[in-house]
Amino acid sequence: MPNTTNHTLYNCVQSLFDTLIDISEGYDLLLERADPTARPYIADLATQHKTAVEKIDAIASAQVFELDRSGTLMSEVHKVAVKLRDMFSDIDRDALEAIAKGEENVIKRYDDAIECLSQTDELHDELIAQRDALRTAIVKIFEAV
């Protein structure tokens with residue numbers, strides 16, 4: 001990212017990147033435990049996040065901007081939350097509303113990262129496209145519940 005290599009920018013993009021990695025790991029477990037009616041929506045979100053991670057990483061690497069792929073401790077929190085929810089209630093269409101609300105927080109992370117980037121940065125346009133696709137997925141979930 002030639003015009004965006006400052007520390008603040010790195011933190012903005014890394015924060016989004018961490019969020020996407022953490023949630024992806026939680027969705028892997030959620031998919032295993034989800035009711036068949038909820039599974040397609042969760043699978044769509046999981047795929048979107050994994051694809052987003054790969055695209056962000058590829059663009060950043062091409063611009064000699066290395067991101068840390070290890071995620072954060074939140075991935076473990078997401079996994080514990082999935083296990084607890086599974087113990088006390090089904091991960092079905094009713095759980096989708098909570099998932100969609102959680103995804104709204106991801107939208108905020110996208111907004112923060114986009115705001116940090118120059119409009120001429122290739123990653124800027126990619127993040128806007130990813131955010132818009134995620135918004136569409138969230139709308140579909142709210143329509144389904």
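What counts, and at which threshold
- Residues numbered from 1 in each chain as written.
- Predicted model: local features only at pLDDT ≥ 70, side-chain atom pairs only at ≥ 80, totals over all residues.
- Heavy atoms only, no water.
- Helix = DSSP H or I, 4+ residues; strand = E, 2+ residues; numbered from the N terminus.
- Buried < 20%, exposed > 50% of the residue type's maximum accessible area, 1.4 Å probe, protein only.
- Contact = heavy atoms within 4.5 Å.
- Areas by Shrake-Rupley, 256 points an atom, 1.4 Å probe, with all protein chains shown as cover.
- Salt bridge = Lys/Arg side-chain N within 4 Å of Asp/Glu carboxyl O.
- Core = buried A, V, L, I, M, F, W, Y, C linked by side-chain atoms within 4.5 Å.
- Disulfide = S-S within 2.5 Å.
- Axes fitted to C-alpha atoms, helices over the stretch in contact; angles between N-to-C directions.
- Parallel < 35°, antiparallel > 145°, perpendicular 65-115°, else oblique.
- Left-handed = near helix turned anticlockwise from the far one by under 90°.
- Nonpolar A, V, L, I, M, F, W, Y, C, P; charged D, E, K, R; others polar.

Asks: An account of the overall build of the protein is needed here, citing residue identities and associated values.
Replies: Looking only at helices and strands, the protein features five helices and zero strands. Listing each helix as α and each strand as β along the protein from the N terminus yields α-α-α-α-α. Burial status across the protein gives 43% buried among its 145 residues. Expressed as a percentage of contacts within the protein between residues at least 6 apart in sequence, the contacts between residues at least 24 apart total 79%. Of the roughly 7700 Å² of accessible surface on the protein, 53% is carried by carbon and sulfur atoms.

Asks: How would you sum up the pattern of salt bridges? Please name residues and give values.
Replies: In total, this model carries six salt bridges according to the counting rule given. Of the charged contacts in the structure, one is a salt bridge between lysine 50 and aspartate 28, with a shortest N-O distance of 2.6 Å. Here lysine 50 is found in helix H2 (residues 39–62), whereas its partner aspartate 28 is found in helix H1 (residues 7–33), with 22 residues between them in sequence. With relative accessibility at 38%, the residue lysine 50 sits in the partly exposed group. Aspartate 132 serves as the salt-bridge partner of arginine 131, at 3.4 Å between the closest nitrogen and oxygen. Looking at arginine 131, the relative accessible area reads 14%, which means it is buried. If you follow the salt bridges from partner to partner, you end up with Asp111, Arg131, Asp132 and Arg135 in one network.

Asks: Would you mind going over the nonpolar core in detail, with residue names and values included?
Replies: Counting 35 residues, the largest nonpolar core has Leu20, Tyr27, Ile42, Ile56, Tyr110 and Leu127 as its most contacted members. Counting only elements with at least two residues in this core, the list comes to H1, H2, helix H4 (93–116) and helix H5 (122–144).

Asks: Describe the state of the cysteines, listing the residues and the values that go with them.
Replies: The full count for this structure, using the stated rule, is one disulfide. The disulfide partner of cysteine 12 is cysteine 116, and the S-S distance across this bridge is 2.1 Å. Within this pair, whereas cysteine 12 is found in helix H1, its partner cysteine 116 is found in helix H4, the two being separated by 104 residues in sequence.

Asks: Hey, could you go over the side chain of threonine 19 for me, with residue numbers and the actual values?
Replies: Its place among the elements puts threonine 19 in helix H1. Judged by its relative accessible area of 14%, threonine 19 is buried. Once residues within four sequence positions are removed from consideration, threonine 19 is found in contact with Val106 and Arg109.

Asks: Before we move on, could you go through the packing of H2 against H4 and cite the residues and values that matter?
Replies: What describes two packed helices is the angle between their axes and the distance between those same axes. Packing of H2 against H4 brings their axes to within 11 Å, and their N-to-C directions diverge by 20°. Here H2 lies roughly parallel to H4, going by the angle between them. The two elements H2 and H4 cross, and the hand of that crossing is left-handed. On H4, the residues touching Tyr41, Ile42, Leu45, His49 and Ala52 of H2 are Arg93, Leu96, Ile99, Glu103, Val106 and Tyr110. Its residues placed into classes, the contact of H2 with H4 shows eight nonpolar, one polar and two charged.

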